[in-house]
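Coordinates in review
Letter by letter, the chains look like this.
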Amino acid sequence: MLELSNVHVNYNGSAALRGVNLSIPAGKLVAVIGPNGAGKTTLLRTISGLVGRAEGSVCLDGEDLSTLEPDGIVRRGVVQVPEGRMVLSRMSVHDNIMLGAYIRPRGREVRRDFDSMLELFPRLRERLSQQAGALSGGEQQMLAIARGLMGRPRLLMLDEPSLGLAPLVVETIFQVLLEIKRKSITVLLVEQNAEKALAVADQGYVLDLGVIAAEGMASDLLGDEQVRRAYLGL
Ligand code: ATP
């Protein structure tokens, strides 16, 4: 569905991505793991059109996204849930969820999706009228994912959804990822929590210093001695 070929990105002359090739098949969950500064966020921002690339192509079902503005890329169904959630803290939980549907005509389908978000995230149901800023970190992450899903994404990209959360909440977030996977939504997951990410993913990539250092079936990467030692700290 999404294909990156030889993607290079520089910040003021220093390379953040150096010839990245990556492909995401429809309906699969693909995890990108790697240490701090590897270029994981840059990768997502490049796909979203928020960062320009020096070389290479990003194609969605064969269409090169390079001529599109970020808004046009969202309208093609590519939705990013950013690191740090970025919920609108002074707006209500309800309005934050609905914000995700801004590209869709209001009507029965949107209402149905809204209801299914409350089924997926029962915690949000109890807090619909509260300001988003009053939620815990885990609840804000759930809200950010719900907002992303309200856009009916063809590709949902998640940047470090477990970052800074307590272990029990991290478990909940990964359970939600499994639910999303069951719905056959295509997901690109960026995580520092490499072992957990590979445990839920179909396929995985290891990004290190802007280069793909390893790739394969997630279960194979989890079992790879070198990957375990260098990137999983095992
Ligand atoms: P982290 O897990 O710490 O967020 P990451 O794998 O997401 O790391 P990036 O944030 O993509 O990595 O950063 C890749 C490299 O690009 C790093 O060396 C970083 O310092 C640099 N970088 C990122 N954003 C910018 C920017 N806006 N201007 C200059 N350099 C940047």
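A brief report on the enclosed structure follows. In this text, all values refer to a predicted model and were calculated from it rather than measured experimentally.

Next up on the list: the nonpolar core. Core analysis: the biggest nonpolar cluster contains 50 residues, and Ile-97, Phe-121, Leu-124 and Leu-189 have the highest contact counts within it. Not counting chain neighbours up to four residues away, the residues in contact with Phe-121 comprise Met-142, Ile-145, Ala-146 and Val-176. Membership of the second largest hydrophobic core comes to 28 residues, among which are Val-20, Ala-38, Val-58 and Val-190.

Neighbouring the ligand are 13 residues; Gly-37, Gly-39, Lys-40, Thr-41 and Thr-42 lie closest to it. Contacts to the ligand include Gly-39, whose backbone N or O atom sits 2.9 Å from an oxygen atom. The contact in question runs from an oxygen atom of the ligand to an N or O atom on the side chain of Glu-160, over 3.4 Å. When isolated, the ligand has an accessible area of 630 Å², and the protein chains bury 58% of it. Counting residues per element, the shell around the ligand draws most heavily on helix H1 (residues 40-47), which supplies 3 residues. Here the residues of the shell around the ligand are counted per class, giving 4 nonpolar, 6 polar and 3 charged.

Residue placement: Ser-48 occurs in the loop between H1 and strand S4 (55-60). Side chain to side chain, Ser-48 and Gln-80 meet in a polar contact 2.6 Å long. Beyond its immediate sequence surroundings of up to four residues, Ser-48 is in contact with Pro-70, Ile-73, Gln-80 and Met-157.

Turning next to the sheet that holds strand S8 (residues 186-191). Pairing is mixed in the open sheet, where 6 strands are placed in the order S6-S7-S8-S3-S9-S10. In the strand order of this sheet, the two ends are held by strand S6 (78-81) and strand S10 (211-217), each with one partner. Strand after strand, the sheet turns through a mean of 15 degrees between neighbouring axes, direction not considered. Pairing analysis gives 5 bridges linking strand S7 (residues 155-159) to S8, with the strands arranged parallel. Within S8, the position partnered with Met-157 by the bridge is Leu-188. Relative to S8, helix H7 (residues 167-182) is tilted by about 155 degrees, and along the sheet it contacts strand S3 (29-33), S7 and S8.

Strands sit in the order S2-S1-S4-S5 across an open sheet of 4 strands; the sheet is antiparallel. Each edge of the open sheet carries a strand with a single partner, namely strand S2 (14-24) and strand S5 (63-64). As judged from the 8 bridges shared by strand S1 (residues 2-11) and S2, these two strands associate in the antiparallel manner. When the bridges of S2 are listed, Glu-3 appears paired with Ser-23. Packed onto the sheet, H1 meets S1, S2 and S4 and runs at close to 115 degrees relative to S1.

Conventions adopted
Residues numbered from 1 in each chain as written. Predicted model: local features only at pLDDT ≥ 70, side-chain atom pairs only at ≥ 80, totals over all residues. Heavy atoms only, no water. Core = buried A, V, L, I, M, F, W, Y, C linked by side-chain atoms within 4.5 Å. Buried < 20%, exposed > 50% of the residue type's maximum accessible area, 1.4 Å probe, protein only. Contact = heavy atoms within 4.5 Å. Near = heavy atom within 4 Å. Polar contact = N/O pair within 3.5 Å; in protein donor to acceptor, adjacent residues only side chain to side chain. Areas by Shrake-Rupley, 256 points an atom, 1.4 Å probe, with all protein chains shown as cover. Helix = DSSP H or I, 4+ residues; strand = E, 2+ residues; numbered from the N terminus. Nonpolar A, V, L, I, M, F, W, Y, C, P; charged D, E, K, R; others polar. Pairing = 2+ DSSP bridges. Axes fitted to C-alpha atoms, helices over the stretch in contact; angles between N-to-C directions.

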